[in-house]
Protein chains: 4
Amino acid sequence: VNAEAPLNLAEYEAAAAALVPKAAFDYVAGGAGDEVTLRENRAAFDRWRVLPRVLTGAGEPRLATSVLGTEASMPVLVAPSAFHKLVHPDGELASAGAARRAGIVYTMSTAASYPIEAVAPRAGAWWFQLYVYRDRAITRELVARAEAAGASALVVTVDTPIVGRREADERNRFSLPFGVTFANFDRPEQREMPANAEGSGLATYVQFESVLRWSDLDWLASITRLPVVPKGILAPDDARLALEHGARGIVVSNHGGRQLDSAVAALDALPAIAAAVDGRCELLLDGGVRRGVDVLKALALGARAVTIGRPIHWGLAVGGEDGLVRLLELLRAEIALALQLSGLDDVAQVTRSLVLPTGPLSA
Amino acid sequence: VNAEAPLNLAEYEAAAAALVPKAAFDYVAGGAGDEVTLRENRAAFDRWRVLPRVLTGAGEPRLATSVLGTEASMPVLVAPSAFHKLVHPDGELASAGAARRAGIVYTMSTAASYPIEAVAPRAGAWWFQLYVYRDRAITRELVARAEAAGASALVVTVDTPIVGRREADERNRFSLPFGVTFANFDRPEQREMPANAEGSGLATYVQFESVLRWSDLDWLASITRLPVVPKGILAPDDARLALEHGARGIVVSNHGGRQLDSAVAALDALPAIAAAVDGRCELLLDGGVRRGVDVLKALALGARAVTIGRPIHWGLAVGGEDGLVRLLELLRAEIALALQLSGLDDVAQVTRSLVLPTGPLSA
Amino acid sequence: VNAEAPLNLAEYEAAAAALVPKAAFDYVAGGAGDEVTLRENRAAFDRWRVLPRVLTGAGEPRLATSVLGTEASMPVLVAPSAFHKLVHPDGELASAGAARRAGIVYTMSTAASYPIEAVAPRAGAWWFQLYVYRDRAITRELVARAEAAGASALVVTVDTPIVGRREADERNRFSLPFGVTFANFDRPEQREMPANAEGSGLATYVQFESVLRWSDLDWLASITRLPVVPKGILAPDDARLALEHGARGIVVSNHGGRQLDSAVAALDALPAIAAAVDGRCELLLDGGVRRGVDVLKALALGARAVTIGRPIHWGLAVGGEDGLVRLLELLRAEIALALQLSGLDDVAQVTRSLVLPTGPLSA
Amino acid sequence: VNAEAPLNLAEYEAAAAALVPKAAFDYVAGGAGDEVTLRENRAAFDRWRVLPRVLTGAGEPRLATSVLGTEASMPVLVAPSAFHKLVHPDGELASAGAARRAGIVYTMSTAASYPIEAVAPRAGAWWFQLYVYRDRAITRELVARAEAAGASALVVTVDTPIVGRREADERNRFSLPFGVTFANFDRPEQREMPANAEGSGLATYVQFESVLRWSDLDWLASITRLPVVPKGILAPDDARLALEHGARGIVVSNHGGRQLDSAVAALDALPAIAAAVDGRCELLLDGGVRRGVDVLKALALGARAVTIGRPIHWGLAVGGEDGLVRLLELLRAEIALALQLSGLDDVAQVTRSLVLPTGPLSA
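Worth saying up front: this structure is predicted, and the values here are computed from it rather than measured. (Residues numbered from 1 in each chain as written. Chains lettered and ligands numbered in written order. Predicted model: local features only at pLDDT ≥ 70, side-chain atom pairs only at ≥ 80, totals over all residues. Heavy atoms only, no water.)

This part takes up the overall build of chain A. Within chain A, the secondary structure is distributed over 14 helices and twelve strands. The C-alpha atoms of chain A give a radius of gyration of 19 Å, which matches the 21 Å a tight globule of 363 residues would have. Counting only contacts in chain A whose residues sit at least 6 apart along the sequence, the fraction spanning at least 24 positions is 72%. For chain A, the computed accessible surface area is about 11900 Å², with 52% contributed by carbon and sulfur atoms. Looking at chain A, you have 36 positive and 42 negative side-chain charges, and the mean spots of the two groups are 1 Å apart. (Helix = DSSP H or I, 4+ residues; strand = E, 2+ residues; numbered from the N terminus. Rg over C-alpha atoms; globule rule 2.2 N^0.38 Å. Contact = heavy atoms within 4.5 Å. Areas by Shrake-Rupley, 256 points an atom, 1.4 Å probe, with all protein chains shown as cover. Lys, Arg positive; Asp, Glu negative; His and termini not counted. Charge placed at Lys NZ, Arg CZ, Asp CG, Glu CD.)

Applying the stated rule across the entire model yields 104 salt bridges over all chains. Note that Glu167 of chain D and Arg291 of chain A form a salt bridge whose closest N and O atoms lie 2.6 Å from each other. Taken together, the residues span two chains, with Glu167 of chain D in helix H7 (residues 167-171) and Arg291 of chain A in the loop between strand S10 (282-286) and helix H13 (292-300). Arg291 of chain A carries the same exposure label as Glu167 of chain D, and that label is buried. Between Glu334 of chain D and Arg291 of chain D there is a salt bridge; the shortest N-O distance is 2.9 Å. On the criterion of sequence distance, the pair formed by Glu334 of chain D in helix H14 (residues 310-341) and Arg291 of chain D in the loop between strand S10 (282-286) and helix H13 (292-300) is long-range, its members being 43 residues apart. As far as the burial class goes, Glu334 of chain D and Arg291 of chain D line up, both buried. Ionic contacts of the salt-bridge type, sharing partners, join the residues Glu11, Arg291 and Glu334 of chain A together with Asp34, Arg165, Glu167, Glu170 and Arg171 of chain D into one network. (Salt bridge = Lys/Arg side-chain N within 4 Å of Asp/Glu carboxyl O. Buried < 20%, exposed > 50% of the residue type's maximum accessible area, 1.4 Å probe, protein only.)

The operation relating the pair of chain copies consists of a rotation about an axis and a translation along that axis. Aligned on chain A, chain D shows an RMSD of 0.0 Å; the corresponding rotation is 90 degrees and the shift along the axis is 0.0 Å. In symmetry terms, the pair is related by a four-fold rotation axis. Of the C-alpha atoms belonging to chain D, the one lying closest to the rotation axis is found on Gly359 of chain D, 9.9 Å away. (Least-squares fit on C-alpha atoms with pLDDT ≥ 70 in both.)

A word on the arrangement of the chains. In this structure chain A stays clear of chain C, and the shortest span between their C-alpha atoms is 18 Å. For the non-touching pair chain B and chain D, the nearest C-alpha separation works out to 18 Å.

Accessible area lost when the parts come together is the quantity often used to give the size of an interface. Across the contact, 34 residues belong to chain B and 42 residues belong to chain A. Of the roughly 2900 Å² buried between chain B and chain A, counting both surfaces, carbon and sulfur atoms make up 61%. Contact with chain A buries surface across chain B, with Val54, Leu55 and Leu341 of chain B losing the most and accounting together for 24% of the total. For the pair chain B and chain A, the interface holds six salt bridges. Where Asp34 of chain A meets Arg291 of chain B, a salt bridge forms, and the shortest distance between an N and an O atom there is 2.7 Å. Only strand S1 (48-50), helix H13 (292-300) and helix H14 (310-341) of chain B provide two or more residues apiece to the side of chain B that touches chain A. With six residues, H14 of chain B is the single largest residue contributor to the side of chain B that touches chain A. Considered class by class, the residues forming the side of chain B that touches chain A number 17 nonpolar, ten polar and seven charged. (Buried area = accessible area lost by both parts, 1.4 Å probe. Nonpolar A, V, L, I, M, F, W, Y, C, P; charged D, E, K, R; others polar.)

At an RMSD of 0.0 Å, chain B and chain A line up after a rotation of 90 degrees and a shift of 0.0 Å along the axis. Of the residues that chain B buries at the interface, just 3% are likewise interface residues in chain A, meaning the two copies contact each other through different surfaces.

We now examine helix H2 (residues 22-29) of chain C. Among the eight residues in H2 of chain C, six count as buried, and that is most of the element. Within H2 of chain C, the full set of buried residues consists of Ala24, Phe25, Asp26, Tyr27, Val28 and Ala29 of chain C.

A word on unusual backbone geometry. All names here are of chain B. Of note in the backbone geometry, Glu35 takes a positive phi value of approximately 60 degrees without being a glycine. If you trace the backbone, Glu35 turns up in the loop between helix H2 (22-29) and helix H3 (36-46). Relative accessible area serves as the criterion here: at 25%, Glu35 is assigned to the partly exposed category.

A separate point is the pairing of S10 of chain A. All names here are of chain A. A large share of S10 lies buried, amounting to four of its five residues. Alignment of strand S9 (residues 249-252) against S10, held across four bridges, turns out to be parallel. Residue pairing across strands places Ile250 opposite Leu283, the latter belonging to S10. In this view, the connection linking S9 to its parallel neighbour S10 by way of helix H12 (residues 266-277) has right-handed handedness. Here three bridges tie S10 to strand S11 (residues 305-308), and the two strands are oriented parallel to one another. Among the inter-strand pairings, Leu284 is bridged to a residue of S11, identified as Ala305. With respect to chirality, the unit in which S10 leads through H13 into the neighbouring parallel S11 is right-handed. (Pairing = 2+ DSSP bridges. Right-handed = clockwise from strand over helix to strand, strands pointing away.)

This is the structure we're talking about:
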């Protein structure tokens, strides 16, 4: 691996592993339980092959698209993930800046290590990811701050009534290092993780609402003018319910394999959700995307775009904002190449027929 | 692995392997033949994924259930297994005590290393596991003792007309160490295994009835007031016969892969048995459960509860009664977490739709 | 591995590997090409699981059966294989003797390293395996000698118009060591392999008929009073043709993966052949049997009995005739155990319903 | 591995790896991206088994066939591949000569390291592989030169609007070594790769036409009297279009896994293309052929013949023209053996029924 110029996202990950303290790396890289779902998120892409077309007259690849009406230079969003400072001191300032420079939508995590108001000016178009807190006043205030700072959508995480068990964190007795905090919160006890926190310390003081209802989604929609996008849906019936409750988009996700281990892979869940939604809202696929061709597979199976989470950290770790820009441009080039080699020149041309299950193509 | 506080059942097993003499560990851990069925019991769980639901309003997870009318704090029973003294001097005294403290049903093995009358007072609700012996007087006496000591069901092992070949035991020339005996039997030659026993010595002096008939089940039912639960059924037709012969419950089991190597995995057999039984009796799934989410899979596929065998030994080995309580609480926490992350708050809500075969979810 | 008392056939193989010169071991153990078919012969057994029955009243296992009307103590035959002297000086004298002592049918190979007349008196019931030679007089003479010596059936190998390429033999520049000859042939140039034979030397002087026709089978039937059993049939249509040409039995075989690499596994071919033959002749399954339960699987899928080839060599290598008797008794005990644990007490009770494809049992 | 006389193509590859500089070896051996498609090209062959027939009266194997009307001694062609000088100084002079001596069709690559006019006299029947260049005058001139030199068909690569990313080349900073050039081009800047070329330097100065249309195929057909054979088709609909645009043959190919990684394996694509084409043109299977039996599988699934690419380099590397002749004769012998052991004596007899999917043969 060439740490200065990794050739692909896997090399970025390897380079990051050498640069980031083990406990922080494990926190980002790991999954829940036996990491079955973490691996399945990747394996699901291998269950599909691409059937390229030739002599189509396809010209320069055009990757530009829109997500929920926001223009994006490619069908990739920065997934929300916590504590970018864990891997680089510039943290979210750098990741937001990289997304802006790459022309893609940035999703800011509630659990960012810089506050909304500091990160927003660095970003281009950005969405805000929200957990629903027990204290609805906190929730309401976060929404108001996100709106005020210019967020254009509200991504509501619905798969975390309780934080999953990531055993590597417990093994490492992981806690936030000095200087990394829940920067969006005022009170010190909200912001800092006690040094002697046992186990996966994070779970001990993030006061999520553990009893979530569809009416909570209605409530959220009622307190914001932003489109609401539930994140963490895998069941087709839940996708239908989301539509009934006004979802403008859906992030098909198992939280990167960090919540319910053994949950269905995100890509495996996508086709049935696409059938259920039938074009009535946009779908984002979250989980396992590591190659440009993965993006095309997700689009073929029904996604409007994909989100990437862990690779954001690898880009930051390797070179801060510039490193992440390089990683995003690498991914962009891979998508463009895969598109062109598929005989297409616009991501909008990707349809279900681009992919087929691995194995003999039936006549 | 942190031997003091293993994070999951696999770590308990690893810790136990370091604490227990190899021959005893192999006796507990091993399976018959090439251990195909032993591995399949685990692999069968990997053939299913969970499809979690969100925003369901599920609150605190309630794991309490009943098995054959007996209340249990979670849908897990202690499976019958022989010679708990092999891994800890307190043996069944400790395992029964741990089950009581955990609020779950304890199944006492005929081949216990402490006698019924010593173990029963330590247990909460408990069942007695019975082999049918050639000498029916012995059988009758065991039943009478179990009834007198307070057993609330009779689990009859029906898959052991002869003991399977566990080659590791033969390789180790395994015999019971000094102080570990078939404590439920009076005569010394029944209780002790000759020191020079060749091969899998156990087989040489356990005088099971090798010709078993459904009429034997009828006979057993006729000599006891306890509900009779055959253990070791894999064929749907046998499940139907069991119902006809008055079974109140059925343990779907291949004896932990210790009898017929290459027998179908217990979880693989479960759905068809559930279809055959169609709710007319309760099903217990035995074999391969190592994670909380495994319990949910078994419930989704038709089990009322699961039993765990080998992990009982790992808990005992690591810390006696307290160690086993910790293991059981760990498993309970995993079930609760998996339930909550599935969008449910009661094990009674688990239905077939919670799981789907591994692979793309069909639309 | 305990070389004195291996616990299973795999241990016999390992013990033999340590005792037999590498080139001879490779000659026996190896397969053609990439050994795909050799491995598939084993893997095919793993595609099936057994569904044992319980409480059937099954008593002592009875393994006795008949093959082509000949009584046999179990549904296992010694497959024809060349040059038993390669692994033990007593060669076929020992293997025939062991088969007699075990009460099973011995199939003598044309390529035996002792002559028919020497081996026959050691055997109990025995069959003669024949290659058709270019020189029909040789063929005719071999048949006459086999008849005279007491063979009760003629197994005609039909899958060897030319000898397959076993690259290990070429790599080892394998040739028959001093004292090991085609003992059934008179002339020195027929009997001995030139010391400087290049590559797989055997192929250079075995003058098989390379153009074989169904009419050759008719011709063979016309020159013998023995039942003719073609060996090496995999296609159902060939099984039908064999019946039309008077075959009394069929050996479903790919020559132990030694002929056409990538040929279908023998067990994979069996069910379709059984359907084609529909009971009109007996089927023998050859290839991959290493465990007692494998025998039951073959019977369930349509075989009357199985033949074992390479294990004969391992038994001989470990202990000559006595060693092979021990191996055969080990296998017998495994069959008996598997039968009993399946709830049966007679191999004649094995039916298709005993097995099911690996994976969840459909309701 | 015996470097002097490798026993199979895999051994030739291993021997070549020891002889060829790593960067050149990697250039030839490698594939795009994660090499998923490269591996799948091989794995696809393992999804099929052969069902040999017996007693068919098949005599000496006849491998002779024709491709597009050209006689060939076996159904194997030399695939076009670049820069044979990378592995042997005689380069295409040797490979063309070997093909002539083996009696098979040679496909000359545009990117040959000897010019058309030097290579053609060494070849027997040969085809010319063409990329369409931005400068149509170059394209036209190449076609004219190929015609003048005696090519009998024009293979047009249609899967390379842009060169795929082969990361090993980037890692190795691969560039053409001194003396290896695009020998078919006049101007130095066309011929030589700059020594300091970054990454996969080839991509930087091969001026392919990146916008390819079916009308380009029409145009090509209009400027040549040779039959036009598009290479790189995987989709059945493209095969139909190729027919409509006058294709006389089709090379079913994913460019040896060097273009779109994750593209369907060539053999997996073949059956559906054969169904689409329905005998209206000849199909060549390119990708993954390493054994004689692979050729039969490709023929059974619809190919007229196969092409081999990388093995050409291994043969050259090991022994120049003579080495490649030996490799080709080895492959021929393997095809003949597989044919004969399948009960056939002419490649024209191979039909779909020769193969079946790996697994139990359905009744």
